[in-house]
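# Coordinate analysis (summary)
Now for the letters of each chain:
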Amino acid sequence: MPETGKRAGVPADWTYLPEPARIVSIRREAVDAVIELELADRSALGHKPGQFVQVSMFGFGEIPISICSSPTRTGRFKLCVRPAGHVSNALYRASEGDWVGIRGPFGRGFPIRTMRNRDVLAVAGGIGLAPLRSLIQYVRDNREAYGRLVVVYGARNPSLILFRTDVEAWTRGEDVEMFLTVDEADESWTGRTGVVTGPLKEIDLSTRSTVAAVVGPPVMFRFVAAELLAKGMNRRRIFFSLERRFECGIGKCGHCQLNGMYVCQDGPVFRYSDLEGFSEAVEARAPER
Ligand SMILES: Cc1cc2nc3c(=O)[nH]c(=O)nc-3n(C[C@H](O)[C@H](O)[C@H](O)COP(=O)(O)OP(=O)(O)OC[C@H]3O[C@@H](n4cnc5c(N)ncnc54)[C@H](O)[C@@H]3O)c2cc1C
């Protein structure tokens, strides 16, 4: 069964009915928009880190977007939207006070229970930081329940670093080990250069107690998995969040089917051991955005 948060137990038809939500604030960050939303009845969304919502922009359509804030924060929730096409551009251009429709939360999120009392390694590439931000906030807000929190984030260049304020706070914070890298430096850049596997090589992980959550372009998954396996990590403790094109978000339309699994319902977060052999899942190229 999908994790449906507070919606568990309501009639199945509910899942087709968007709930109105108001845009409380919208902030442009790098090439994305970070949108803060509040449901019309002001209730909490009831999500888990790694889940997504189906967002409808009236007159344009509906798209899946990951929730980038933790349920431990206020009743409001945040989405980070990169304009890729018809609906996402409309959402990117929206204004404070506008209304959107929300279905969800849907999908299986990160294994926060499996992670309890273990070290958490979050590896993000590009906009993959959005769903991982929810997990990072969650672990920080429940700090005593988790071991080390190691974050590795790679952006294409310094101007594309997302959630800059958070990244700076994590870098300063004593409860996070932050490794930031960019593929291509500019004159202003004094930090690490290269892809995320560079810092991964440096990090001394306790492989028996670490659970890894990886989100980024599919091409990144194969290299990160190879690096983590080389370090001795168990493939059952490596989790990837996949992105596929789909319509319904609840395992009905079939567009996101992957060898008998539905990315929307059985994922988007999968164990690496469940994906091995599906080269389509972990090696396909990311959509150009
Ligand atoms: C579980 C999940 C979580 C997501 N989280 C986020 C998020 O946090 N932030 C965010 O900005 N985006 C996220 N996305 C991607 C977002 O849903 C797509 O960018 C959006 O659906 C594009 O719709 P559109 O109408 O804007 O573009 P369209 O006009 O439909 O398409 C524009 C172009 O992009 C291609 N395209 C669009 N979506 C995909 C896709 N998923 N796979 C392959 N090609 C695609 C189309 O073929 C077309 O070439 C997520 C997707 C999934 C499945």
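Residues numbered from 1 in each chain as written. Predicted model: local features only at pLDDT ≥ 70, side-chain atom pairs only at ≥ 80, totals over all residues. Heavy atoms only, no water.

### What about the overall build of the protein?
Across its full length, the protein holds nine helices and 15 strands. Here the C-alpha atoms of the protein give a radius of gyration of 18 Å, agreeing with the 19 Å that 2.2 N^0.38 yields for 289 residues. Dimensions along the principal axes, computed over C-alpha positions, put the protein at roughly 50 × 45 × 40 Å. Relative to its full complement of 289 residues, the protein shows a buried share of 53%. Accessible area of the protein: about 13,000 Å², with a carbon and sulfur share of 48%. The protein carries 38 positive and 34 negative side-chain charges, and their two centres are separated by 4 Å. (Helix = DSSP H or I, 4+ residues; strand = E, 2+ residues; numbered from the N terminus. Rg over C-alpha atoms; globule rule 2.2 N^0.38 Å. Buried < 20%, exposed > 50% of the residue type's maximum accessible area, 1.4 Å probe, protein only. Areas by Shrake-Rupley, 256 points an atom, 1.4 Å probe, with all protein chains shown as cover. Lys, Arg positive; Asp, Glu negative; His and termini not counted. Charge placed at Lys NZ, Arg CZ, Asp CG, Glu CD.)

### Let's talk about helix α4 (residues 164-172)
Of the positions making up α4, those classed as buried are D166, V167 and W170. Seen from one end, α4 has its buried residues packed into an arc of 100°, which puts them on one side. Exposed residues pointing more than 90 degrees away from the buried face of α4 are listed as T165, T171 and R172. Structurally, α4 contributes buried residues whose contacts are with α3 (129-141), β8 (149-155) and β9 (177-182). (Arc of directions from axis to C-beta. Contact = heavy atoms within 4.5 Å.)

### Quick word on the packing of aromatic side chains
One pass over the structure, following the stated rule, counts four aromatic pairs. When the ring of F240 is compared with that of Y272, the centres are 5.4 Å apart and the planes differ by 70°; the resulting orientation is edge-to-face. Taken together, the residues span a long stretch of sequence, with F240 in strand β12 (residues 238-241) and Y272 in helix α8 (residues 272-275) at a distance of 32 residues. Owing to a relative accessible area of 0%, F240 belongs among the buried residues under this scheme. Following the ring pairs from residue to residue traces out a cluster consisting of F221, F240 and Y272. (Phe/Tyr/Trp six-rings, centres within 6.5 Å; stacked < 30°, edge-to-face > 60°.)

### Points about the site of the ligand
Neighbouring the ligand are 20 residues, the closest being P64, C80, R82, S88 and R245. Take G85: an N or O atom from its main chain is 3.3 Å from an oxygen atom of the ligand. Relative to its unbound accessible area of 900 Å², the ligand is 77% covered by the protein chains. Those elements that place two or more of their residues in the shell around the ligand are β4 (61-66), β5 (77-81) and α1 (86-92). Per element, the largest residue contribution to the shell around the ligand is four residues, and it comes from β4. In terms of residue class, the shell around the ligand is built from eleven nonpolar, four polar and five charged. (Near = heavy atom within 4 Å. Polar contact = N/O pair within 3.5 Å; in protein donor to acceptor, adjacent residues only side chain to side chain. Nonpolar A, V, L, I, M, F, W, Y, C, P; charged D, E, K, R; others polar.)

### Concerning the domain arrangement of the protein
According to the domain assignment, the protein contains domain 1 (5-106) and domain 2 (112-283). Just the C-alpha atoms count here: the centres of domain 1 and domain 2 sit 22 Å apart. With 27 residues of domain 1 in contact, the opposing surface of domain 2 contributes 26 residues. When domain 1 packs against domain 2, close to 2,200 Å² is buried across both sides, 59% of that on carbon and sulfur atoms. Taken as a group, P49, C68 and R82 account for 22% of the area that domain 1 buries against domain 2, more than any other trio of residues on that side. The interface formed by domain 1 and domain 2 holds one salt bridge in total. With its nearest N and O atoms 2.7 Å apart, the salt bridge here joins R73 to D141. (Domains from an automatic or database assignment. Buried area = accessible area lost by both parts, 1.4 Å probe. Salt bridge = Lys/Arg side-chain N within 4 Å of Asp/Glu carboxyl O.)

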